[in-house]
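Take a look at the letters that make up each chain.
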Amino acid sequence: MKLNNEILAGLIDGSPYPIYLILGEELTVAVANAATLEAWGKDKSVLGKPFSEALPELKDQPFESLLRKVMQTGEPYRAVNDRAEFLINGKKKVSYFTFSYQPLKDEQGEIIGVVCYATDVTGLVESAAELTESYHMLELSELRFRNLIQQAPFAMCVISVSDLIVTDLNESYLELVGKTRAQLEGFRIWDAVPEAADTYGPIMQQVIASNRTFSAKEAAVPVVKDGVRELIYVDFTYEPVVDLSGEVTAVMVLGIDVSEKVNIRRATEEMEERIRLAVDAGDIGTYEYRFDTDDFVTTERFNEIVGLSGSITREDLINQYHPDDRKLSAQALQTAKAAGRIFYEARLFQQGSPMKWVRFQAKVYYGSDGNPTRTLGTAIDITQYKALQQQKDDFISIASHELKTPITSLKAALQLLSKMKEQINPVLFPKLLDQAMRNMAKITALVDDLLDMSKLSQAQIELKKASFHIGNMLENSCCLIQDSAQDKLQLKGDLELMVHADEHRIEQVIVNLVNNAIKYAPDSAQILVDVKNEGDVVKVTVEDFGPGIAPERLSQLFDRYYRADASGKQVSGLGLGLYISAEIIKRHGGEIGVESIEGQGSRFWFTLPLS
Ligand code: ADP
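Residues numbered from 1 in each chain as written. Predicted model: local features only at pLDDT ≥ 70, side-chain atom pairs only at ≥ 80, totals over all residues. Heavy atoms only, no water.

Asker: A description of the nonpolar core should follow, citing residues and the corresponding values.
Answerer: Core analysis: the largest hydrophobic core is formed by 57 residues, its most contacted members being I506, L557 and F606. When residues of this core are assigned to their parent elements, the largest contribution, seven residues, is made by helix α18 (residues 503-520). Two domains each donate at least three residues to this core, and these are domain 4 (386-457) and domain 5 (466-609). Core analysis: the next-biggest nonpolar cluster, separate from the first, contains 34 residues, A155, I189, V207 and V248 among them. (Core = buried A, V, L, I, M, F, W, Y, C linked by side-chain atoms within 4.5 Å. Buried < 20%, exposed > 50% of the residue type's maximum accessible area, 1.4 Å probe, protein only. Helix = DSSP H or I, 4+ residues; strand = E, 2+ residues; numbered from the N terminus. Domains from an automatic or database assignment.)

What follows is the structure, given as structure tokens:
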């Protein structure tokens, strides 16, 4: 079949691609298929018109001159994604074409026109432009995101899931983990911060696997800063970052260093704990009192000290006071309002118990108006302290008294002696001299005891140990004892034993025990001194058959200043002899003790090691 013009014209007209033909010098639009007319926004009326008349809007565009050039040179012209502006229904429309201008020749080879084959690529070009645009936007938003990260006041770090490499992080993060950017960026996170890997590696893995955010408060994180390992506390979040398909591609770490807050809180807690311990150890009772409501809150220990229980009022407390001390609390409170502190000591009574001394100390707290609102205070049982103080006062008065008697006597003897300077009375003179000597010896003994006591209490006594014959030592000691009592003394037992000790100090102990027997058991017909070899120790016992000592007093006899005869039945003494003796024996590594039955007598004993 031969294709006729009609068929060919139909083929061209049906093409979805614009095809048109320009003929002659006039550039007459000879053919323009439907796709062309559509692209131009024209109808068939343009056919037969010159190109410039058919499309006047292209006047300032290069198409006409391009067509002429093809006509003149015969060179085809090709353009890709070229822009053209048409007027469609009075509106400007921009289109893009990829097209070619082909020269059309007649049978003689003369160029008679130009055929244009075009593709409207407006859609493609526009979407490509859009793509570029959104790419720019993306770049911009990524930049913004990075800036956000950099400037964030909290630590931020992005870790890619595939290899756990740190892709982004800010200064705060570097500060937090104590690293430089060079040590972190581009590195696998747990290679860069190995100190935290054990604890936080599995958590991050969990976030990736579950696509769930993980948050922690005040988490302890070990870090190494300047080579020093330290523990910081961090509030942090591991946030999974997902792509469009919902896949976790990165983990974003957000964190704030809260170490300071935690450390301050811990320090406060520790301080409270320390105070609590101090209060417990010091057996201190504490209380709080509110001025406005008269509320009184006390601890159990406080109640114990003041001898009350349950919830108590200030009045309950004051009722426990010795009547003479009841005004103290009100007085203290009154002065405290201005002075800010409370301090007083009161005597308290408790049913069935001896009187107690309690010291109250408190600090006053003021409201914003400057008025006192409450007091916080402590109570301590100072009964023992007061007793010791009393003992000391008593001791000083006893010691002065003890010294005063022989001194008065010595003074009297010396006065009389001085009166007979001119003419000596041969009867009185030796008597007075003897009196003076005896009193001087008493004073010396008292002063020696006082000195020994203070030396012993400061551990200043040095032992001069040597081997000696115990029998000889006892014989010597007896010479130091009142003549009148010499007959009562009886030495027996292993008197040949050799002992290694400070002979002078042991003598002092014997003299003390024997003198006590003479003083406190004056009616005892005998005083027995017994020496017994007990294998590794020698035991020396001084026994009298006097009034004995009440069992409840036995345990305190060796205490400093203790005198069993509380009624003060007029035997002089400082209450130091047994204390000094006990110290001397203890320093030798021996033991000292007493057994006594009231009405039958006492046996004081001590041991010394024999080796
Ligand atoms: P001092 O004799 O100065 O009072 P001591 O320490 O030597 O001090 O004795 C303490 C107390 O022990 C004495 O006050 C006395 O009451 C009691 N005491 C000591 N020896 C005897 C004794 N042999 N018999 C009865 N009481 C004694």
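Asker: Outline the domain arrangement of the chain, listing residues and values.
Answerer: Parsing the chain into structural domains produces domain 1 (18-119), domain 2 (124-257), domain 3 (281-381), domain 4 (386-457) and domain 5 (466-609). Centre-to-centre, using C-alpha coordinates, domain 3 lies 49 Å away from domain 5.

Asker: Quick one: what's the story with a negative patch on the surface, residue by residue and with numbers?
Answerer: Where like charges cluster on the molecular surface, the negative patch consists of E175, D226, E230, D257 and E260. Mapped onto the elements of the fold, E175 is located in helix α6 (residues 171-177). Using a relative accessible area of 62% as the deciding quantity, one classes E175 as exposed. (Patch = residues over 30% accessible without salt bridge, like charges linked within 9 Å, V, L, I, M, F, W, Y side chains within 5 Å. Areas by Shrake-Rupley, 256 points an atom, 1.4 Å probe, with all protein chains shown as cover. Salt bridge = Lys/Arg side-chain N within 4 Å of Asp/Glu carboxyl O. Lys, Arg positive; Asp, Glu negative; His and termini not counted. Charge placed at Lys NZ, Arg CZ, Asp CG, Glu CD.)

Asker: I'd like a description of the sheet that holds strand β10 (residues 248-257), backed by residues and values.
Answerer: Pairing is antiparallel across the open sheet formed by five strands, whose spatial order is β7-β6-β10-β9-β8. Unpaired on one side and paired on the other, β7 (166-169) and β8 (214-225) mark the two borders of the sheet. Strand-to-strand twist of the sheet, defined as the mean angle between neighbouring strand axes without regard to direction, takes the value 30°. Here strand β6 (residues 155-160) pairs with β7 via three bridges, running antiparallel. Looking at the pairing, I159 lines up with V166 of β7. Contacting β6, β7 and β10, helix α5 (residues 122-151) runs over the sheet at an angle of about 70° to β7. Taken strand by strand, helix α10 (residues 259-281) contacts β8, β9 (228-242) and β10, and its axis lies near 130° from that of β9. (Pairing = 2+ DSSP bridges. Axes fitted to C-alpha atoms, helices over the stretch in contact; angles between N-to-C directions. Contact = heavy atoms within 4.5 Å.)

Asker: Give a detailed account of a nonpolar patch on the surface, specifying residues and quantitative values.
Answerer: There is a patch of nonpolar side chains on the surface, built from I7, L8, L11, I12 and V31 and spanning about 370 Å² of accessible area. Element by element, the count of residues in the nonpolar patch is highest for helix α1 (residues 5-14), at four residues. For I7, the position within the fold is in helix α1. On the basis of relative accessibility, which here comes to 33%, the residue I7 falls in the partly exposed class.

Asker: So what's going on with the pairing of strand β20 (residues 537-544)? Which residues, and what values?
Answerer: Of all eight residues that make up β20, seven are buried, and the element is covered over most of its length. Relative to β20, strand β19 (residues 527-533) runs antiparallel, the two being bridged by seven bridges. Within the sheet, the bridge partner assigned to V531 lies in β20 and is V540. The loop that links β19 with its antiparallel partner β20 comprises three residues; one of these, G535, has a positive phi angle of about 90°. Strand direction decides the pairing type here: β20 and strand β22 (residues 601-609), joined by eight bridges, are antiparallel. What sits directly across from E543, in β22, is R603.

Asker: Could you give an account of the pattern of salt bridges, with specific residues and numbers?
Answerer: Taken as a whole and assessed by the stated rule, the structure comprises 28 salt bridges. For R265, the salt bridge goes to E218, with nearest N and O atoms at 3.1 Å. Of this pair, R265 sits in helix α10 while E218 sits in strand β8, placing them 47 residues apart in sequence. Under the relative-accessibility criterion, E218 is labelled partly exposed at 25%.

Asker: Got a sec to walk through the site of the ligand? Specific residues and values, please.
Answerer: Every one of the 19 residues lining the ligand counts as a neighbour, but Y520, R563, L574, G575 and L578 are closest to it. Take L574: an N or O atom from its main chain is 2.8 Å from an oxygen atom of the ligand. Relative to its free-state accessible area of 530 Å², the ligand is covered by the protein chains to the extent of 96%. Elements with a minimum of two residues in the shell around the ligand: α18, α20 (577-587) and β22. In terms of residue count, α18 provides more of the shell around the ligand than any other element does, four residues in total. The residue makeup of the shell around the ligand, split by class, is ten nonpolar, five polar and four charged. (Near = heavy atom within 4 Å. Polar contact = N/O pair within 3.5 Å; in protein donor to acceptor, adjacent residues only side chain to side chain. Nonpolar A, V, L, I, M, F, W, Y, C, P; charged D, E, K, R; others polar.)

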